[in-house]
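Examination of the molecular architecture
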Amino acid sequence: MARKIRSDITVGSLEEKLGVAPGTIRNPDGRDTRSDKKLGTLRKEAEKIKSKKK
């Protein structure tokens, strides 16, 4: 089982770590995410949108 990625990593660092192109990680609304945004913030936003859909 793979470990969950730490939530305090920035999107830019995560894209580098995973070896994906800049702009691959998107906001929940589909727009490109700022590279200095933290992964934890993205997770919170995604959860908020997910709970609204129910």
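Below is a summary of the structure that appears in this document. (Residues numbered from 1 in each chain as written. Predicted model: local features only at pLDDT ≥ 70, side-chain atom pairs only at ≥ 80, totals over all residues. Heavy atoms only, no water.)

**Things to note about the nonpolar core**
As a rule of thumb, soluble globular proteins bury nonpolar side chains together. Applicable threshold: Here, the term nonpolar core denotes a set of buried Ala, Val, Leu, Ile, Met, Phe, Trp, Tyr and Cys residues that are joined through side-chain atoms within 4.5 Å. Only protein chains enter the accessibility calculation, which uses a 1.4 Å probe; a residue whose area is less than 20% of its type maximum is buried, one above 50% is exposed, and one in between is partly exposed. Residues are treated as being in contact if the distance between any of their heavy atoms lies within 4.5 Å.
Ile 9, Val 11, Leu 14, Ile 25, Leu 39 and Leu 42 form the largest nonpolar core, which has six residues in total. For Ile 25, the residues in contact, after removing those within four places along its chain, are Val 11, Leu 14, Glu 15, Asp 32, Thr 33 and Leu 42.

**Some remarks on the side chain of Lys 37**
The test is simple: Only DSSP runs of H or I with at least four residues qualify as helices, and only runs of E with at least two residues qualify as strands; both kinds are numbered from the N terminus onward. In the analysis that follows, any N or O atom pair within 3.5 Å is treated as a polar contact, provided that within protein one partner can donate a hydrogen and the other can accept it, and provided that, for residues neighboring in sequence, both atoms belong to side chains.
Assignment of secondary structure puts Lys 37 in the loop between helix H1 (11-18) and helix H2 (39-53). A polar contact of 3.1 Å, which involves the side chain of Lys 37, links it to the side chain of Asn 27. Excluding anything up to four places from it in sequence, Lys 37 contacts Ile 9, Thr 10, Val 11, Asn 27, Leu 42 and Glu 45.

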